[in-house]
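# Architecture and fold: a report
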Amino acid sequence: MARARWGCCPWLVLLCACAWGHPVPANLGGQDVRNCSTSPPYLPVTAVNTTAQLAALRQQIQAQNLTAYIVPDTDAHMSEYIGKHDERRAWITGFIGSAGIAVVTLSKAALWTDSRYWTQAERQMDCNWELHKEVGTTPIVTWLLTEIPAGGRVGFDPFLFSVASWESYDLALQGSDRQLVSITDNLVDLVWGAERPPVPSEPIYALQEEFIGSTWQEKVSDIRNQMQKHSKAPTAVFLSALDETAWLFNLRSSDIPYNPFFYSYALLTDSAIRLFANKTRFSSDTLNYLNFSCTGALCVQIEDYSQVRNSIQTYASGDVRIWIGTSYTSYGIFEVIPKEKLVTDTYSPVMVTKAVKNSKEQALLKASHVRDAVAVIRYLVWLEKNVPKGTVDEFSGAELVNKFRGEELSSGPSFETISASGLNAALAHYSPTKEVHRKLSSDEMYLLDSGGQYRDGTTDITRTVHWGTPSAFQKEAYTRVLIGNIDLSRLIFPASTSGRVMEAFARKALWDVGLNYGHGTGHGIGNFLCVHEWPVGFQSNNIAMTKGMFTSIEPGYYHDGEFGIRLEDIVLVVEAKTKYPGTYLTFEVVSLVPYDRNLIDVSLLSPVHLQYLNQYYKTIREKVGPELQRRQLLEEFAWLQQHTEPLAARAPHAASLAAVLAASTLAILSWSV
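Residues numbered from 1 in each chain as written. Predicted model: local features only at pLDDT ≥ 70, side-chain atom pairs only at ≥ 80, totals over all residues. Heavy atoms only, no water.

## Section: the state of the cysteines
What the rule picks out here adds up to 2 disulfides. The partner cysteine of C36 in its disulfide is C127, sulfur to sulfur 1.9 Å. Linking C36 and C127, the disulfide has an S-S dihedral of approximately -85° and is accordingly described as left-handed. Remark: C127 occurs in the loop between α4 (118-124) and β4 (130-132) and C36 occurs in the loop between α1 (5-8) and α2 (51-63); sequence separation between them is 91 residues. The residue that forms a disulfide with C294 is C299, at a sulfur-sulfur distance of 1.9 Å. Between C294 and C299, the disulfide has an S-S torsion of 100° and is therefore right-handed. (Disulfide = S-S within 2.5 Å. Helix = DSSP H or I, 4+ residues; strand = E, 2+ residues; numbered from the N terminus.)

Written as structure tokens, this is what we have:
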């Protein structure tokens, strides 16, 4: 799970509620903290004055003969996270939350966002803006039909609309005598001008051979084979999602926060490869990597990023058929390809192929999780010593765990760390800031959801702990979340089963007593790519599970105003051993951090659950123990030994850490001899 789960939904439906990592909050309303009826109006000090930018935008709206303009919160690639350069909605509204749509008319301005962001929007927007506490196309169109007259023209940037988003608006406006108008020059950009952050210019580099599962030439050949076998005989595949081009060419950069991507598109035909990017960012070594001793069909032509629409339009004028994935292709590309020349799937062949890791990619991703476990264990050990002193807060904690991760093959965190103490862990959308955070306390639960980007893999793990005496209800809720995690992780299922069919196994233990969580149960993950890699997961629009896929399993429970629990592990889909012949699959857990024994009510665990946990703890010892020893992390090794002691129906009296530390010292000394 991560902080901005909203954007990782690939915009199949405008503002679809794909937030698989966050519960729906109990507070569904409340008074606006702004008072715009007084003179002067009352505004929080955090509100941003948007009068000047709105006036300038309205001039552009008039110049284009429009009556309204829609400002989404995405980029031209439907990315989960967007760069500063693309934060148009935030700049025009003052609201910096990750989800929301703004609409500006000649006399009004309005923002639509979901309940996670209502309070934030009220505190950041001035009285130029109406806040609408609902989402989806229908309420926006209903408002537009009220605010703009018949014959009105609603402008939008087609590069910021997915195909599905455009279809939803177009359908809703049909018969209303209002027209949806595609304007390729973004009007907010024209107003933003020189103040707009520059396009990133860091080098685009090739991954070293030790960190890739296949060469880019092998990947291209595979996609071309899929084109040849396709019943509709496409002549080209167009790639728009940034992780598609990064994966296909084994290239990385740093254009997007938390993601090692670079702004790019690709057009792959049976005889040519065209990569649309900023050529000045390629070093001579990287250019040589792409074209060394190449033949025509395997030579990469680098074309200007800004010319992609014109190039696709020109290519589409021939006798061609272009295969696209509609989830990540913008309407700006879609509208220049004649419909009869389109071959469409929800996801491109690259997106689907990338989801299944080969044996080397699996080994790389597993290795990154061993090192990641070391970082998280170091942090948990440090917390046990320092939280009782009253010196640790959520923000300093988040910084420290990121620091621990940054020591080997690291490229930073894979998302904004969720470090939430007590009642903050029950909030639907929370990450601490330097200005706003709580102290960690031995009397409260603490939820840590964090991950790292490593050259060999991407990680995401959540653990919830309590250093004091948890209530009976907290232990029950935690244990039932743990049971849900175990039940889904050990499930055996037929090959090609959809994740949505299995998802209820993670909820049953909670459902049994009338508890639940308001988010999805898991998402895919990449090899130094997306922390939320589509199209893998447990939602209705994910593809069926296949051997070689990685997904998270992350049930939770959130008690409003008091605490939150989530236990997240990354798992690999592997073949299952069954009594009778058949093609069955199961999951292998690759996250390797013990659960909090202090929160486990062993009386709720069946013998099967206990056996599973003890085997898992044995695996953690075998895989993480040697790495702790290699780094001479004596105290952390002792902690691991203590926290992976076998569980029994009656929890045994835990050995003192000092005793385990002494034994561990001898183990490490003997190991190093």
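Now that the structure has been shown, we can carry on.
## Section: the sheet that holds strand β19 (residues 457-458)
If you walk across this open sheet you meet the 3 strands as β15-β18-β19, and the pairing is antiparallel. Edge positions in the sheet fall to β15 (410-413) and β19, since each of these pairs with one other strand and no more. Two strands pair when backbone bridges link them, and β15 and strand β18 (residues 452-454) are joined in this way by 2 bridges, in the antiparallel orientation. Bridge assignment links P413 to a residue of β18, and that residue is G452. (Pairing = 2+ DSSP bridges.)

## Quick notes on unusual backbone geometry
Peptide bonds are mostly trans, and most non-glycine residues show a negative phi. Residue P535 follows W534 across a cis peptide bond; omega there is 10°. With respect to the helices and strands, the residue P535 is situated in strand β23 (residues 533-537). Residue Y258 is not a glycine yet carries a positive backbone phi of 70°. Along the chain, Y258 turns up in the loop between β9 (251-252) and β10 (265-269). In this structure, L409 is a non-glycine residue whose phi angle is positive, near 60°. Relative to the assigned elements, L409 resides in the loop between α15 (394-405) and β15.

## So, empty space enclosed by the protein
All chains considered together, the criterion is met by 8 cavities of 30 Å³ or more. Each pocket or cavity is described by its volume, and for the second largest cavity that value is around 80 Å³. Among the residues making up the lining of the second largest cavity, the classes are represented as 6 nonpolar, 3 polar and 4 charged. Looking at which domains feed residues into the lining of the second largest cavity, each of domain 2 (205-355) and domain 3 (359-644) supplies at least three. (1 Å grid on protein atoms, 1.4 Å probe; cavity = no way out; pocket = protein on both sides within 12 Å on 5 of 7 lines; lining within 4 Å. Points joined across faces, edges and corners; volume = space filled by probe spheres on them. Nonpolar A, V, L, I, M, F, W, Y, C, P; charged D, E, K, R; others polar. Domains from an automatic or database assignment.)

## Focus: the packing of helix α14 (residues 359-386) against α15
α15 packs onto α14 with a crossing angle of 140° between their chain directions and a minimal axis gap of 8 Å. Of the possible angle classes, the one that applies to α14 and α15 is oblique. Crossing geometry of α14 relative to α15 is assigned as right-handed. Residues D372, A375, V376, R378, Y379 and W382 of α14 lie in contact with α15, whose contacting residues are G397, A398, L400, V401, F404 and R405. Taken together, the residues of the contact of α14 with α15 sort by class into 8 nonpolar, 1 polar and 3 charged. (Axes fitted to C-alpha atoms, helices over the stretch in contact; angles between N-to-C directions. Parallel < 35°, antiparallel > 145°, perpendicular 65-115°, else oblique. Left-handed = near helix turned anticlockwise from the far one by under 90°. Contact = heavy atoms within 4.5 Å.)

## As for the packing of aromatic side chains
Tallying each qualifying case throughout the model produces 23 aromatic pairs. Measuring from ring centre to ring centre gives 5.2 Å for F493 and F587, while their planes differ by 40°; the resulting arrangement is tilted. Linking F493 in strand β21 (residues 493-494) with F587 in strand β28 (residues 584-589), this pair joins segments that are 94 residues apart in sequence. F587 matches F493 in its accessibility class, with the two residues each being buried. Here a set of aromatic residues connected by ring pairs shows up, and it is made of F156, F161, W166, Y169, Y331 and F334. Its end group placed over the ring of W247, K219 keeps NZ or CZ at 4.2 Å from the ring centre. Note that R507 overlies the ring of Y517, its terminal NZ or CZ placed 3.9 Å from the centroid. (Phe/Tyr/Trp six-rings, centres within 6.5 Å; stacked < 30°, edge-to-face > 60°. Buried < 20%, exposed > 50% of the residue type's maximum accessible area, 1.4 Å probe, protein only. Lys NZ or Arg CZ within 6 Å of the ring centre and 35° of its normal.)

## Points about the domain arrangement of the protein
When cut into domains, the protein gives domain 1 (50-195), domain 2 (205-355) and domain 3 (359-644). Taking only C-alpha atoms into account, the centre of domain 1 sits 30 Å from that of domain 2. Carbon and sulfur atoms make up 65% of the surface buried where domain 1 meets domain 2, a total of about 1,600 Å² over both sides. Summed over the shared surface of domain 1 and domain 2, the number is 0 salt bridges. When grouped by side-chain class, the residues that make up the side of domain 1 that touches domain 2 number 10 nonpolar, 6 polar and 2 charged. (Buried area = accessible area lost by both parts, 1.4 Å probe. Salt bridge = Lys/Arg side-chain N within 4 Å of Asp/Glu carboxyl O.)

## Notes on the sheet that holds strand β3 (residues 109-112)
Hydrogen bonding along the main chain pairs the strands of a sheet, whether they run parallel or antiparallel. Ordered in space as β4-β3-β2-β1-β5-β6, the 6 strands form an open sheet in which the pairing is mixed. Edge strands, defined here as strands with exactly one partner in the open sheet, are β4 and β6 (179-182). When the angles between neighbouring strand axes are averaged without regard to direction, this sheet yields 25°. Bridge count between strand β2 (residues 101-105) and β3: 4 bridges; the pairing is antiparallel. If you follow V104 over to β3, its bridge partner there is A109. Relative to the sheet, α2 contacts β1 (68-71), β2 and β3, its axis offset from that of β2 by approximately 70°. Sitting on the sheet, helix α6 (residues 163-173) touches β1, β2, β5 (153-156) and β6, and the angle it makes with β6 is about 150°.

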